[in-house]
Amino acid sequence: MTIEELRKTREELREITGRIIELLAYRLEKAEKVGELKRELGLPNVDLETERELREYVSKKSAQYGLDDAFIQQIMTLIFNESIKRQDGKEPKNKIPRITHIDIFRKAKELEVSGREIVHLEVGEPNFGAPIKVADKLSEAAKKGYAFYGDAKGHVNLREAISEYLENRFGVSLSKDEILVTPGGRFAVYLAAAATLAPGDEALIIDPSWPAYKQITEFLQCRPVVIKTSLSTGWLPNIDELEKSTSRATKMLFINYPNNPTGVTISKELLKALVDFARRKKINVISDEVYMDYAFNGFTSILETNYDNAIMIMSFSKSYGMTGYRIGYLVAKKEIIDRAARIQSLLMTCVPEFIQIAAIEALADVETPRKYREEMKRRIDKVCQMLDEINAEYVKPTGGMYVFPRFRSLKMNSIELALKLLDKYGVSVAPGLSFGDYPDHIRISTGCELSKIITGMEKLREALNEQ
Ligand code: PMP
């Protein structure tokens, strides 16, 4: 090959790239037209069925040309995303603003600084605190010098303690290489997703859901595909709907039971059905089990299904009241753990060792999680009783630390209700829209002490009576 040939071929490449751009612009223009037509017909912008058909067509076409299907499907996600963005951009601007529970929390804090007393029913943090033995162990470990750089996967003693703990609890046998210690459950979710998703992949998310699943998916340049559940069906996911929402780009399913925000748990059978679905579709499942110790009628972990592509997320935040310690872990096959550990090593070297030593102490404590669960149940029962008195609709939680009610004859959406409750009554709750398309719901957290919860619920009643 001569230099001249190289130059000419580059020229051709340039011209072909130009043509791709022209075609892309033309395609986006057509997508906008489709958006207009859909609006006229009152149809939603996102049409998963049509997308799926197109993906199948593209897949056949790419096989014809010997192209890698995964690569082509990733490009398709980018094209779909851009098309939807353009269609959304042309929507009339009368959508409800997305104020989340974080915005409400910030506003509540501002009011507190200005001297107002606020009842916090919006935060997902139990007020329990860590057991004193754990705090003592932490300072003792720091004094003993457990304060150097450590293994990115976590201290071997803690990983072994976690493995033993999970074996006793769920009858699973795990090697320490299948466990990664992380700074909390949130980071564990991020690492699990970052280790398994590539840009353009799709992840199935069952709404209502903890907002981080969508945010992390989007942060990784992937696409969250939402499956809605509803109060009328007990907030339980339907496998047919999951099937319908799965495409060639689907690589992940997020599940979270006991659930934030609904407080529901799922049966062994439903968990098995979800895992069977994932197995059929050859996709990973991230099972966020941070509320497992707040399950009131027993709990089945995804670990018990022996699914090779399951990733289990756990945290010390809720079970032991250790939110500020920032410690949790993920369990998955070695290949995923290795990838996640490389990301953790890159971003933060390791979790501080003295915190890990304190976590070993926590794991040995069986009393504290039991005590905390009983207290959560007591609070949730009280909230439910007070909700019954105001004729609210909700599914009675079987776990977690939240209730997600809806109010009959509510004359405003949940954001307006949340803002009114905060401004006029000094009570902060999380609007349902933080967790998906649930404008009629609010999330009531039972993180603070019972007397405050009762005050908050009384004020909620007043606000509803007054509307
Ligand atoms: N998962 C869910 C469902 C949560 O609600 C939370 C906390 N709100 C977490 C994970 C993360 O908790 P942490 O990072 O404190 O372990």
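For the structure, check the block above.
Residues numbered from 1 in each chain as written. Predicted model: local features only at pLDDT ≥ 70, side-chain atom pairs only at ≥ 80, totals over all residues. Heavy atoms only, no water.

**Observations regarding the sheet that holds strand S6 (residues 284–288)**
The strand order across the open sheet built from 7 strands is S2-S8-S7-S6-S5-S3-S4, with neighbouring strands paired in mixed fashion. This sheet does not close on itself; its edge strands, each paired only once, are strand S2 (179–182) and strand S4 (223–228). Sheet twist, expressed as the mean angle between neighbouring strand axes with direction ignored, is 20°. As paired strands, strand S3 (residues 202–207) and S4 are joined by 6 bridges and run parallel to one another. Within the sheet, the bridge partner assigned to Glu202 lies in S4 and is Arg223. (Pairing = 2+ DSSP bridges. Helix = DSSP H or I, 4+ residues; strand = E, 2+ residues; numbered from the N terminus. Axes fitted to C-alpha atoms, helices over the stretch in contact; angles between N-to-C directions.)

**Remarks on the sheet that holds strand S10 (residues 402–403)**
The 4 strands are arranged S1-S12-S13-S10 in an open sheet whose pairing can be described as mixed. Lying at the two open borders of the sheet, with one neighbouring strand each, are strand S1 (119–121) and S10. Looking at chain direction, strand S12 (residues 427–431) and strand S13 (residues 442–445) are connected through 2 bridges and run antiparallel. Bridging from a neighbouring strand, Pro431 pairs with Ile442 of S13. Against the sheet, helix H4 (residues 101–113) makes contact with S1, S12 and S13, and its axis sits at roughly 165° relative to S12, the strand it touches most. Its contacts with the sheet put helix H14 (residues 414–425) on S12 and S13, and the angle it makes with S12 is roughly 170°. (Contact = heavy atoms within 4.5 Å.)

**A look at the pairing of S3**
Along S3, 6 of the 6 residues are buried, which leaves the element largely enclosed by surrounding structure. Taken together, S3, helix H8 (residues 212–219) and S4 constitute a β-α-β crossover, and its handedness is right-handed. Note: S3 against strand S5 (residues 250–255), 4 bridges, orientation parallel. Residue pairing across strands places Leu204 opposite Leu253, the latter belonging to S5. (Buried < 20%, exposed > 50% of the residue type's maximum accessible area, 1.4 Å probe, protein only. Right-handed = clockwise from strand over helix to strand, strands pointing away.)

**A few points about H14**
Its 12 residues give H14 an end-to-end C-alpha distance of 15 Å, which sits within 8% of 16 Å, the value for a rise of 1.5 Å per residue. When H14 is considered as a whole, its buried residues turn out to be Ser414, Ile415, Leu417, Ala418, Lys420, Leu421, Leu422 and Tyr425. In this fold, the buried residues of H14 make contact with H4, strand S11 (406–407), S12, S13 and helix H15 (450–466). One side-chain oxygen at the N-terminal end of H14 lies 2.8 Å from the backbone nitrogen of Ile415; it belongs to Asn413. One or two positions beyond H14, positive phi appears at Gly426, with a value near 65°. (Expected span 1.5 Å × (residues − 1). Polar contact = N/O pair within 3.5 Å; in protein donor to acceptor, adjacent residues only side chain to side chain.)

**What about the nonpolar core?**
Core analysis: the largest hydrophobic core is formed by 71 residues, its most contacted members being Ile313, Leu330, Leu387, Phe407 and Leu460. The residues that make up this core include at least three from each of domain 2 (101–124 + 368–465) and domain 3 (132–365). Here Ile313 is in contact with Gly185, Ala188, Val189, Ala192, Ile286, Ser287, Asp288, Glu289, Val290, Tyr329 and Leu330, once residues within four sequence places are set aside. Core analysis: the next-biggest nonpolar cluster, separate from the first, contains 58 residues, Ile206, Ala310, Phe316 and Leu363 among them. (Core = buried A, V, L, I, M, F, W, Y, C linked by side-chain atoms within 4.5 Å. Domains from an automatic or database assignment.)

**Some words on the pattern of salt bridges**
Pairing between side chains of opposite charge can happen when the charged atoms of each approach one another. Under the definition given, this model contains 40 salt bridges. As a salt-bridge pair, Arg223 and Glu51 come within 2.7 Å of each other at their nearest N and O atoms. Separated by 172 residues along the polypeptide, Arg223 in strand S4 and Glu51 in helix H2 (residues 48–64) bring together distant segments of the chain. For Arg223, a relative accessible area of 6% puts it in the buried group. Of the charged contacts, one joins Asp437 and Lys228 as a salt bridge, the two residues approaching to 3.7 Å between their closest N and O atoms. Taken together, the positions of Asp437 in the loop between S12 and S13 and Lys228 in strand S4 put the pair 209 residues apart, joining distant regions of the chain. Residue class for Lys228 comes out partly exposed when judged on its relative accessible area of 41%. Connected through salt bridges with shared partners, the residues Asp151, Lys153, Arg159, Asp177, Lys334 and Asp338 form a single ionic network. (Salt bridge = Lys/Arg side-chain N within 4 Å of Asp/Glu carboxyl O.)

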